[in-house]
Amino acid sequence: MDKIHIHGGIPLKGSIQIAGAKNATLPLMTACLLTEDPLVLSNVPKLADIHCLLNILKDLGVDTSFIENGTSSSIPQEQTLKLSAKKITSTKASYDLVRKMRASILVLGPLLARMRTATVSLPGGCAIGTRPVDIHIKGLEHLGAKISLEQGYIHAQAPQGLKGKDFTFPMVTVTGTENLLMAACLAKGTTRLINAAREPEIIDLANCLVSMGAHIEGIGTDTLVIEGQETLKGAHHRVVSDRIELGTYAIAAAITRGELDLLGGKKSLIPSFLPKLEEIGVTIEELPNGLRVSGKNASLNAVDITTGPFPGFATDLQAQMMALLCISEGSSLITETIFENRFMHVPELMRMGAQISIQGKSVMIRGVKNLIGAEVMATDLRASFSLVLAGLVAEGETILNRVYHLDRGYEYVEAKLRACGAQIERIHT
C-alpha cells in the first residue's frame, strides 16, 4: 500500500491550477442517464471516485471515453469526458460497485425518471457519519415512485412516470437535492423543491441541465422550480472549479508561511472560509485568473468556526483548517454540525504534537509553536489532506499511510506541491 513521505518546514511558492470539482463532476456524470444524446464534460478531475462512478455507468450500458487536452512535463492537464447513454442495458446498480462510494446513489433519480424503474444498492463511502438516503427515497416517493428496500437494495418503480409536486426537504441535503432535481426534469408537470441545498456544485448541475433543455427557475436559491420535459438533449459543459481543493491549497500557503497563486479560484466559491482565513492573518488578493494567498507575514491568530450548509463554512474544509489552527496562537474552537463522526483525524494530529481536546460536537485546539513529524494514518478523504498540511509544516519527516483516501478527492497532490517547493514523495510498497 502506498505511503507519502514529507519533509516539512519549506514555505510554498508558486502557482497551482485548481481542478474541476469532484462533487460537481459526479452528479454531472449521472445526468447523462437523462438523455439518449451524448453529454460532454470538460475540466474533469483525475480521481479514483470518477473512475468508480464510471464503472457503475458502464455497467448500466453507458459508453464512456476520455479526451486528453494535453500534458506538461510534470502535471498532466485537464481532461474531457464523453458519456453516451443512448441505450441503457441495465437498471440495476450492483453492490460490488456502489458500496465503494456514497455518491453512487445519484444514479437513482435519473435512472428512475427515464427508465421508470431502478434498483440501486445502498451506498458506501467515507466512515464519517451515517449520511442516510431516506430523504432521497421520501422525495422520489412524493413524486409518485413506489419504493421498497430488500436485501440491501433500493427497488424503485414508476410505471406511469414521475409526477411533479411540491417537496420540502426536512433538512438540507446536497445529494438529495441533486437526485430530486435530476428526476424532476423528466417528471410530468411542475416540481418545487423547497429548502434545497445551494452549493456551487448544485448550481453547476442546474446550469448543465438547462443547457440540456431542462426548465429550472430559482437556481442558486433554496427553492427550485422545475417544469418537467418529455426528453432532454445532449450538451457540452465545463465543470466548476473545486472549492474544497481551493480552500485546501489556500491553507497550504498559510500553514507554510508561503505564497500561492491558485488559478481558477473565485471568492464566491468559499464565501465563509476566506474571511476566517483573513481573520487568522492571511492575505488574499484577487487576480484576473484566480486568487493569491499569502501567509508570509501572517500572525496566525486563533479563530472559532462552526460548519454549516453553503454558504456556511464547509464541513469538507474543517479538518484542513484544524491543521492550521494547531500552530495558531491562542485557543480555537471548531464545532461540527454536519457529520457526527468527523474528528477521527484528531488522534493523528495529536501524534504530531497538537494539543486538541474533543468536547462532544466541538474540539478545542490550543496552538503550539511547532508540530513534529510522525507516522500517521489517513482516516477519510479530507482528514488525509489535513495530515499532509501538518506534515508540510512539521519538523522532520512525516509518513502518511492509507493514502488511497487522498486519491479519491485530490489529483496529483505530490506533483502540485513539489512544483511549489515541497519535499514530498510517494513510496510504492
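All figures in this text were calculated on a predicted structure; none of them were measured in a lab. Every chain is numbered on its own, with residues counted from 1 as its sequence reads. Residues qualify for local features only when their pLDDT is at least 70, as the model is predicted, and side-chain atom pairs are given and counted only at 80 or more; totals for whole chains, interfaces and linings, by contrast, use all residues. Computation of side-chain values covers all heavy atoms of the structure but excludes hydrogens and water.

A.B. asks: Can you help me understand the overall build of the protein in this one?
C.D. replies: Scanning the protein from terminus to terminus reveals 14 helices and 24 strands. As a reference, a globule follows 2.2 Å times the number of residues to the power 0.38, and the radius of gyration itself is taken over C-alpha atoms. Taken against the 2.2 N^0.38 rule, which gives 22 Å for 429 residues, the C-alpha radius of gyration of the protein at 22 Å falls within 12% of a compact globule. On the principal axes, the C-alpha backbone points of the protein span a range of 65 × 45 × 40 Å. Residue burial in the protein is summarised as follows: out of 429 residues, 57% are buried. Only heavy atoms matter for contacts: two residues are in contact if any of them lie within 4.5 Å across the pair. Summarising the internal contacts of the protein: among those between residues at least 6 apart in sequence, 74% fall at separations of at least 24. Note on areas: Shrake-Rupley with a 1.4 Å probe; residue coverage comes only from the protein chains shown. Of the accessible surface of the protein, which amounts to about 16,400 Å², a share of 49% is contributed by carbon and sulfur atoms. Secondary structure counts use DSSP, requiring at least four H or I residues in a row for a helix and at least two E residues in a row for a strand, with both numbered from the N terminus. Accessible area is worked out with a 1.4 Å probe on protein chains only. A residue is then buried under 20% of its type maximum, exposed over 50%, and partly exposed in between.

A.B. asks: Sorry, what's going on with helix 5 (residues 134–142) here?
C.D. replies: Buried residues of helix 5: I135, H136, I137, G139 and L140, and no others. Elements that come into contact with the buried residues of helix 5 comprise helix 4 (108–115), strand 8 (146–150), strand 9 (153–157), strand 10 (166–168) and helix 6 (174–184). Two residues or fewer past helix 5, G144 is found with a positive phi of approximately 110 degrees.

A.B. asks: Is there a simple way to think about the environment of T256 in this case?
C.D. replies: Structurally, the position occupied by T256 is in the loop between helix 8 (243–255) and strand 15 (259–263). T256 gets classed as buried once you look at its relative accessible area, which sits at 7%. With 243 residues separating them in the primary sequence, T256 and K13 have C-alpha atoms 9.5 Å apart. Sequence-distant contacts of T256, defined by excluding residues within four places in its chain, comprise I10, P11, L12 and L392. Residues adjacent in sequence count toward polar contacts only when both atoms are side-chain atoms; beyond that, a polar contact is any pair of N or O atoms within 3.5 Å, and within protein one must be able to donate a hydrogen and the other to accept it. Polar side-chain contacts of T256 include one of 3.2 Å to the backbone nitrogen of L12.

A.B. asks: I'm lost on the sheet that holds strand 11 (residues 190–194) in this one. Help?
C.D. replies: Pairing between sheet strands relies on hydrogen bonds along the backbone, with the strands arranged either parallel or antiparallel. Here we have four strands laid out as an open sheet, ordered 10-11-13-12, and mixed in their pairing. Only two strands of the sheet have a single partner each, and these edge strands are strand 10 and strand 12 (215–217). Averaged over all pairs of adjacent strands, the angle between their axes in this sheet comes to 15 degrees, without regard to strand direction. Note: strand 10 against strand 11, three bridges, orientation parallel. Paired with F167 across the bridge in strand 11 is L193. By the convention used here, strands pair only if DSSP detects at least 2 bridges between them. Lines fitted to the C-alpha atoms define the axes, with helices restricted to the stretch that makes contact. Angles between their N-to-C directions range from 0 to 180 degrees.

A.B. asks: Got a minute to help me understand the packing of helix 6 against helix 7 (residues 200–211) in this structure?
C.D. replies: What describes two packed helices is the angle between their axes and the distance between those same axes. Two elements in contact, helix 6 and helix 7, have axes whose closest approach is 10 Å; the angle formed by their N-to-C orientations is 10 degrees. The angle between helix 6 and helix 7 places the two elements in the roughly parallel class. In this structure, helix 6 uses V174, T177, E178, L181 and M182 to contact helix 7, whose residues at the interface are E201, I202, L205, A206 and L209. When its residues are assigned to classes, the contact of helix 6 with helix 7 shows seven nonpolar, one polar and two charged. Just so you know how the angles are binned, under 35 degrees is roughly parallel, over 145 roughly antiparallel, 65 to 115 roughly perpendicular, and the rest oblique. Any residue outside Ala, Val, Leu, Ile, Met, Phe, Trp, Tyr, Cys, Pro, Asp, Glu, Lys and Arg is labelled polar, Gly included; the first ten of those are nonpolar and the last four are charged.

A.B. asks: In this structure, what is going on with the sheet that holds strand 16 (residues 283–287)? I would like to understand it.
C.D. replies: Across the sheet, four strands lie side by side as 2-15-17-16; this open sheet has mixed pairing. Looking along the sheet, the strands with just one partner apiece sit at the ends: strand 2 (13–17) and strand 16. Within this sheet the neighbouring strands show an average axis-to-axis angle of 20 degrees, counted without direction. For strand 2 and strand 15, the ladder comprises five bridges, and the chain directions are parallel. The partner of Q17 across the bridge, within strand 15, is L263. Contacting strand 2, strand 15 and strand 17 (290–294), helix 8 crosses the sheet at an angle of about 165 degrees to strand 15.

A.B. asks: Hey, could you run me through the packing of helix 9 (residues 273–280) against helix 10 (residues 318–325) in this one?
C.D. replies: Two elements in contact, helix 9 and helix 10, have axes separated by 12 Å at closest approach and are oriented at 5 degrees. The angle between helix 9 and helix 10 places the two elements in the roughly parallel class. Contact residues: F273, K276, L277 and I280 in helix 9; M321, L324 and L325 in helix 10.

A.B. asks: Would you take a moment to explain the confidence of the model for the protein for this structure?
C.D. replies: A low pLDDT means the predicted coordinates there should not be read in detail. The predictor attaches a confidence to each residue, and that confidence, scored 0 to 100, is pLDDT. Residues at a pLDDT of 70 or more form 95% of the protein, whose mean pLDDT is 93. Throughout residues 125–131 the model reports pLDDT below 50, and contacts reaching past four residues in sequence, or to other chains, amount to 22 contacts.

A.B. asks: Would you explain the side chain of T307 in this entry?
C.D. replies: Within the fold, T307 resides in the loop between strand 18 (304–306) and helix 10. If near-sequence neighbours (up to four positions away) are discounted, T307 is found in contact with F313, A314, T315, Q318, T335, E336, T337 and I338.

A.B. asks: Mind showing me how you'd approach helix 12 (residues 381–393) here?
C.D. replies: Counting along an α-helix, one turn takes 3.6 residues, and residues three or four places apart therefore face a common direction. Most of helix 12 sits inside the fold, with twelve of its 13 residues counted as buried. Along helix 12, the residues classified as buried are L381, R382, A383, S384, F385, S386, L387, V388, L389, A390, G391 and L392. Two to three positions downstream of the cap, the backbone nitrogen of R382 sits 3.2 Å from a side-chain oxygen, assigning the N-cap of helix 12 to D380.

A.B. asks: Is there a simple way to explain unusual backbone geometry in this structure?
C.D. replies: For residues other than glycine, phi is negative in most cases, and the peptide bonds are mostly trans. Residues F310 and P311 are joined by a peptide bond in cis, for which omega reads 10 degrees. Within the secondary structure, P311 is located in the loop between strand 18 and helix 10. Non-glycine residue N195 carries a positive phi angle of around 65 degrees. Relative accessible area serves as the criterion here: at 26%, N195 is assigned to the partly exposed category. Positive phi is not limited to glycine here, since R402 has a value of about 60 degrees.

A.B. asks: Explanation requested: the pairing of strand 3 (residues 38–44) in the structure shown.
C.D. replies: Remark: a regular strand shows side chains that alternate across the two faces of the sheet. Of all seven residues making up strand 3, six are buried, and the element is well covered by its neighbours. Pairing of strand 3 with strand 5 (residues 79–84) involves five bridges; the strand directions are antiparallel. Within strand 5, the residue paired with V40 across the bridge is K82. Here strand 3 pairs with strand 14 (residues 235–238) via four bridges, running parallel. For V40, the partnering residue across the bridge sits in strand 14 and is H236.

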